[in-house]
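Here is how the chains run, residue by residue.
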Amino acid sequence: MDSRVVGILGGGQLGRMLVEAANRLDVETLILDAENAPAKQIRSSEKHVTGSFADEKSVRELAEKVDILTIEIEHVDTTVLFELEKEKGDKLEIHPSPATIRLIQDKYLQKEFLIEKGITTADCIKVESTEQALAEVGEKYGYPYMLKSRTQAYDGRGNFVVSSAEHIPEALKALHSRPLYAEKWCPFTKELAVMVLREKDGIVSSYPTVETIQQNNICHLVYAPARVPDSVQLKARNLAERAIASFSGAGVYGVEMFLLPSGEILLNEIAPRPHNSGHYTIDACATSQFEAHMRAILGLPIPKKNGLSMSTAYTNAIMLNVLGGVKPNSELELCRRALTTKGATVHLYGKGTRPGRKMGHINIVAGSMDECETRLAQIQGEDSETET
Ligand code: ATP
Ligand code: MG
Ligand code: MG
């Protein structure tokens, strides 16, 4: 579909699923990551780069070989991306823009930016790593409050719930040497997420609002669409689209939100790339979040009206993350049961098994959420039937 070469910084599962989408469009991709990283396994090329997306030299090596650079992770070296943007001019496109990546990779700057744009978020404040500063936050926000690392955060690693003044020394120990900020506690009733697509001309569109359920700060289940009234779904999409319209650069963005008991929706954080809450789109939508990302950065067409909606045959979906079990490969039991379940699809990432590691996911599609839940129960071994 396009003769330009796309370079991807990072070759984990998100990179792998981007490559899957690119392969179907016959678009060449080159990956920067360790040898045999999940994304490299499904695209043979002698031109892949071995190294780290946080290393200037490696990023430059990849940039020399491609026409468009994109990311599967926001924790990349942005200084070199800004330099490349200047040096290469029209010869290299970077999506999303280095400015967007830099803003989003610091969760406090991201929040400041969103607040300035009129997006509702949890109250937050920059905080020094001292007991006194943390105690002052406690007086201002009350307990519990959430202490967060501004940078390098993922899967809740970088967050600490400060449940009382007595926990302050423990919080400082857990997040020592990290730049910090604090957030007021959000007593949410549900966590919602929306994948938003931003095209090069700035037009934004979104996939349906989904509901995410985390276990130990890691995404466990996604219900698509979210089990909330249509008005709440629409409000979440509007908030997410408004937020993403204010950034620069094309691609998909994952927008995480909190639904409060009052019905108010607060934006939690943004990922400037495909996101775990959008994996269901591979099987439930004609155009997955990964293909939408590739099309947007290449400037390929996207169907306009409702182009990203769920297929009329599969109006509901559940995604279950497959995490490494305590015993090596024990997570494959879940996958085997999924293979016997109607409407379920197994996606494995080609990673070595390790307890708690994201090894893959299972998508379940059906015409109703009740049916999705019955199929989920079977996969989780909570149902005595072997066939649905
Ligand atoms: P990710 O892997 O999504 O990037 P992360 O490490 O950046 O995660 P957050 O999304 O900030 O972490 O928080 C992880 C989880 O902690 C949230 O999904 C939510 O369940 C909970 N959480 C975060 N902030 C708050 C808050 N202010 N009040 C209550 N719970 C919160
Ligand atoms: Mg995050
Ligand atoms: Mg998060």
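Shown above is the structure to which this text applies.
The structure contained in this document is the topic of the report that follows. Please read all numbers here as calculations on a predicted model, not as lab measurements. For every chain, the first residue of the written sequence is number 1, and numbering continues from 1 onward in sequence order. Here the convention is simple: chains get letters from A, ligands get numbers from 1, in the order in which they are written. Reporting in this predicted model follows two pLDDT cut-offs: at least 70 for local features of residues, and 80 or more for side-chain atom pairs to be given and counted; totals over whole chains, interfaces and linings ignore these cut-offs and use all residues. To get the side-chain values, all heavy atoms of the structure are used, and hydrogens and water are removed first.

Comments concerning the nonpolar core
Applied cut-off: Only buried Ala, Val, Leu, Ile, Met, Phe, Trp, Tyr and Cys residues count toward a nonpolar core, and they belong to the same one when joined by side-chain atoms within 4.5 Å. Here the term buried applies to any residue with accessible area under 20% of the maximum for its type, exposed to any over 50%, and partly exposed to those in between, with areas from a 1.4 Å probe on protein chains only. Each helix is a run of H or I in the DSSP string that is no shorter than four residues. Each strand is a run of E no shorter than two, and both are numbered from the N terminus. Contacts: residue pairs with any heavy atoms within 4.5 Å of one another.
Leu-192, Phe-247, Val-255, Met-257, Ile-265, Leu-267 and Ile-270 are the most contacted members of the largest nonpolar core, which totals 23 residues. Elements with a contribution of two residues or more to this core: α5 (107–116), β10 (190–198), α8 (230–245), β14 (251–259) and β15 (265–271). The element best represented in this core is α8, accounting for 6 residues. For Leu-267, the contacting residues outside a window of four places in its chain are Lys-111, Leu-114, Ile-119, Thr-120, Thr-121, Ala-122, Leu-239, Ala-243, Val-255, Glu-256 and Met-257.

Looking at the side chain of Glu-331
This is how it is decided: His is not counted, nor are the chain ends, whereas Lys and Arg count as positive and Asp and Glu as negative. A pairing counts as a salt bridge when a side-chain nitrogen of Lys or Arg comes within 4 Å of a carboxyl oxygen of Asp or Glu. Pairing of N or O atoms within 3.5 Å defines a polar contact, subject to two protein rules: one partner must be a possible hydrogen donor and the other a possible acceptor, and residues neighboring in sequence count only if both atoms are side-chain atoms.
With respect to the helices and strands, the residue Glu-331 is situated in the loop between β16 (316–323) and α11 (332–339). One buried charged residue, Glu-331, remains without a salt bridge, the closest side chain of opposite sign being Arg-357 at 9.1 Å. Here Gly-325 takes part through its backbone nitrogen, which lies 3.0 Å from a polar atom of the side chain of Glu-331. Discounting residues that sit within four places of it in the chain, Glu-331 has contacts with Val-322, Leu-323, Gly-324, Gly-325, Thr-353 and Met-359.

Here we look at empty space enclosed by the protein
The test is simple: Here the term cavity refers to a set of points on a 1 Å grid, laid over the protein atoms alone, in which a 1.4 Å probe fits but cannot get out; the term pocket refers to an open set having protein on both sides within 12 Å along at least five of seven lines, with lining residues being those that place an atom within 4 Å of a point. Grid points are joined across faces, edges and corners, and a volume is the space filled by probe spheres set on the points. Three categories are distinguished: nonpolar for Ala, Val, Leu, Ile, Met, Phe, Trp, Tyr, Cys and Pro, charged for Asp, Glu, Lys and Arg, and polar for the others, with Gly belonging to the last.
Counting across every chain of the model gives 1 cavity of 30 Å³ or more. If you add up the space inside the largest cavity, you get close to 60 Å³. For the largest cavity, the full set of lining residues is Glu-74, His-75, Ile-104, Gln-105, Lys-107, Gln-110, Arg-150, Thr-151, Gln-152, Ala-153, Glu-269 and Ile-270. Put simply, the parts of the chain that give the lining of the largest cavity at least two residues each are α4 (98–105), α5 and β15. Among the residues forming the lining of the largest cavity, the class breakdown is 3 nonpolar, 5 polar and 4 charged.

What about the site of ligand 1?
Selection criterion: Whether a residue is near a molecule or strand depends on its heavy atoms: it is near if one of them lies within 4 Å of it. All accessibility values rest on the Shrake-Rupley procedure with a 1.4 Å probe; residue burial counts only the protein chains present in the view.
Around ligand 1 lies a shell of 20 residues, among which Lys-107, Lys-148, Asp-155, Gly-156 and Glu-191 are the nearest. A distance of 2.6 Å separates an oxygen atom of ligand 1 from a polar atom in the backbone of Asp-155. A distance of 3.2 Å separates an oxygen atom of ligand 1 from a polar side-chain atom of Asn-217. Out of a free accessible area of 620 Å², ligand 1 has 90% covered by protein chains.

Some thoughts on the packing of aromatic side chains
Remark: the centre distance and the inter-plane angle together describe each pair of aromatic rings, the angle taken between the planes. So the rule is basically this: Stacked, edge-to-face and tilted are the three classes for Phe, Tyr and Trp ring pairs, Trp counted by its six-membered ring, which pair at centre distances within 6.5 Å; planes under 30 degrees apart are stacked, over 60 edge-to-face, the rest tilted.
Evaluation of the coordinates by the stated rule reveals 5 aromatic pairs. Both rings, one in Phe-188 and one in Phe-258, keep their centres 5.0 Å apart while their planes meet at 5°; by these two values the pair is stacked. Of the two residues, Phe-188 sits in the loop between β9 (180–184) and β10 while Phe-258 sits in strand β14, which places them 70 residues apart along the sequence. A residue is classified by how much of its surface remains accessible, and Phe-258, at 8% relative accessible area, is buried.

A short note on the sheet that holds strand β6 (residues 124–127)
Let me state the cut-off plainly: A pair of strands is treated as paired once DSSP finds two or more bridges between them. Note on geometry: axes are lines fitted to C-alpha atoms, helical ones only across the stretch in contact, with angles between N-to-C directions running from 0 to 180 degrees.
As summarised here, the arrangement of the 4 strands in space is β6-β9-β7-β8, forming an open sheet in which the pairing is antiparallel. The outermost strands of the open sheet, each flanked by one partner alone, are β6 and β8 (159–162). Between one strand axis and the next, the sheet turns through 25° on average, direction left out of account. In this structure, strand β7 (residues 145–149) lies alongside β8, joined through 4 bridges in antiparallel fashion. Among the inter-strand pairings, Lys-148 is bridged to a residue of β8, identified as Asn-159. Each of β6, β7, β8 and β9 is contacted by α5, which is oriented at about 140° to β6, the strand it contacts most. Relative to the sheet, helix α6 (residues 131–141) contacts β6, β7 and β9, its axis offset from that of β6 by approximately 165°.

A few points about the coordination of the magnesium ion (ligand 2)
Heads up, the condition is: Only nitrogen, oxygen and sulfur atoms count as donors, using a 2.8 Å cut-off from the metal that widens to 3.2 Å for Na, K and Ca. Water is left out, so coordination shells may look unfilled.
Within the first shell, the magnesium ion (ligand 2) binds the protein through Glu-269 (OE) and Glu-269 (OE), at distances of 2.2 to 2.3 Å. A separation of 3.8 Å is found between the magnesium ion (ligand 2) and the magnesium ion (ligand 3), which share Glu-269 as a coordinating residue. Along the polypeptide, Glu-269 turns up in strand β15.

Some details on unusual backbone geometry
Cis geometry is found at the peptide bond from His-95 to Pro-96, where omega equals -10°. At the junction of Tyr-143 and Pro-144, the peptide bond is cis and its omega measures out at -5° in the coordinates. As for its position among the elements, Pro-144 is in the loop between α6 and β7. For Asp-26, which is not glycine, the phi torsion reads 55° and is therefore positive. By the element assignment, Asp-26 lies in the loop between α1 (13–24) and β2 (29–33). Positioned with a positive phi, Gln-152 is a non-glycine residue whose angle comes to about 55°. Structurally, the position occupied by Gln-152 is in the loop between β7 and β8.

So, the pattern of salt bridges
Charged atoms that come close allow side chains of opposite charge to pair. Taken as a whole and assessed by the stated rule, the structure comprises 23 salt bridges. With its nearest N and O atoms 3.2 Å apart, the salt bridge here joins Arg-24 to Glu-291. In this pair, Arg-24 sits in helix α1 while Glu-291 sits in helix α10 (residues 289–298), placing the two residues 267 residues apart along the sequence. Classification of Arg-24 by relative accessible area gives exposed; the value is 60%. For Glu-28, the salt bridge is made with Lys-47, and the minimal N-O distance between the two is 3.1 Å. Here Glu-28, found in the loop between α1 and β2, pairs with Lys-47, found in the loop between β2 and β3 (49–50); they are 19 residues apart in sequence, far enough to count as distant. Taking the relative accessible area as the measure of exposure, Glu-28 reaches 24% and is therefore partly exposed. Judged by relative accessible area, Lys-47 falls into the partly exposed class, the value being 39%. Connected through shared salt-bridge partners, Asp-2, Arg-4, Glu-93 and Lys-200 make up one network.

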